[in-house]
Amino acid sequence: MAKSIIITGAGRGVGRACAELFLEHGWTVGLVGRTETALRETAGNHKNAVVLTCDVTDEQQVDDAFDWFAAKVDTLDVLFNNAGVSLPGKPIDEINVSEWRQLIDINLTGSFICARKAFSLMRHQDPQGGRIINNGSVSAHVPRWGSVPYTASKHAITGLTRTLSLDGRAFNIACGQIDIGNALTPMAQKMTEGMPQADGSIRAEAVMDVSHVATSLLHMATLPAEANVQFMTVMATTMPYIGRG
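Residues numbered from 1 in each chain as written. Predicted model: local features only at pLDDT ≥ 70, side-chain atom pairs only at ≥ 80, totals over all residues. Heavy atoms only, no water.

A few words now on a nonpolar patch on the surface. A surface patch of nonpolar side chains, amounting to about 270 Å² of accessible area, comprises Ile 92, Trp 100 and Val 148. Note that Trp 100 resides in helix α4 (residues 97-124). (Patch = residues over 30% accessible without salt bridge, like charges linked within 9 Å, V, L, I, M, F, W, Y side chains within 5 Å. Areas by Shrake-Rupley, 256 points an atom, 1.4 Å probe, with all protein chains shown as cover. Salt bridge = Lys/Arg side-chain N within 4 Å of Asp/Glu carboxyl O. Helix = DSSP H or I, 4+ residues; strand = E, 2+ residues; numbered from the N terminus.)

In structure tokens, the structure reads:
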């Protein structure tokens, strides 16, 4: 039977690129996002695409969407916790508390809600088990200037990954994290034009094709149950990460 995966934030960027690759490889793919038209664009003509319009911050919507997908497949094999947002760079005292709360609600609470539901499905399905892959960021290791909310959320994602890895052992649920640096998506286009650096300068940064993220995720997702990529960093080779600052 075809393998199955739910991808959040599947309407654009990294989520869309990953969804399209998994669809091409014959997986049944649950496309999660808030905008149905964008999800249908991702689905294209693939009959193995399942559009799941929902807000990852809404527990009931997530539960309903995941249950509906689970009823269509034999087992839920993988969740890619990808949905997330960022904010323009600025010092902490210029960041509104409402901006912080919105970002944390999507990046962290949304990931918790989706992981919680996927974990439950994987724990109680037959055969038991599955794999959860969280989208971290190179910001889970080192910050970009002016990124307090985003960087804090991605450090928290690492904590979620590590704990799920431990808690999932008893139920054959593996958890890993892919940390992405400068994949060229519409959201990252600004990196080619100039980004604030730690020394106060504005410089363009190297980027990589987003397809490299998709193939990396496919490798993580297709490992046998006995193996797991705990953390993978895939990044533009010469971007300011090693030695950032």
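Per the counting criterion, the structure on display carries two aromatic pairs. Aromatic side chains Phe 22 and Trp 27 sit 4.9 Å apart centroid to centroid with 80° between the ring planes, which places their arrangement in the edge-to-face category. Judged by its relative accessible area of 0%, Phe 22 falls in the buried class. Taking 5.8 Å as the distance between ring centres and 80° as the angle between the ring planes, the aromatic pair formed by Phe 119 and Phe 171 counts as edge-to-face. Taken together, the positions of Phe 119 in helix α4 and Phe 171 in the loop between α5 (148-167) and β6 (173-181) put the pair 52 residues apart, joining distant regions of the chain. By relative accessible area, which is 13% here, Phe 119 ends up buried. The ring of Trp 68 has Lys 72 sitting right over it, with the charged end atom 4.3 Å from the ring centre. (Phe/Tyr/Trp six-rings, centres within 6.5 Å; stacked < 30°, edge-to-face > 60°. Buried < 20%, exposed > 50% of the residue type's maximum accessible area, 1.4 Å probe, protein only. Lys NZ or Arg CZ within 6 Å of the ring centre and 35° of its normal.)

Within the secondary structure layout, Ser 86 lies in the loop between β4 (78-81) and α4. Judged by relative accessible area, which is 31%, Ser 86 ranks as partly exposed. Considering only alpha carbons, one finds Ser 86 and Tyr 150, 64 residues apart in sequence, at a separation of 5.9 Å. Excluding its chain neighbours within four sequence positions, the residues that come into contact with Ser 86 are Leu 103, Tyr 150 and Met 187. (Contact = heavy atoms within 4.5 Å.)

So, about the pattern of salt bridges. Scanning all chains against the criterion turns up five salt bridges. With its nearest N and O atoms 2.9 Å apart, the salt bridge here joins Glu 36 to Arg 40. You can see Glu 36 and its partner Arg 40 sitting in helix α2 (residues 36-43), four residues apart, about one turn around the helix. Lys 90 is the salt-bridge partner of Glu 99, the closest N and O atoms lying 3.3 Å from each other. For Glu 99, a relative accessible area of 18% corresponds to the buried category.

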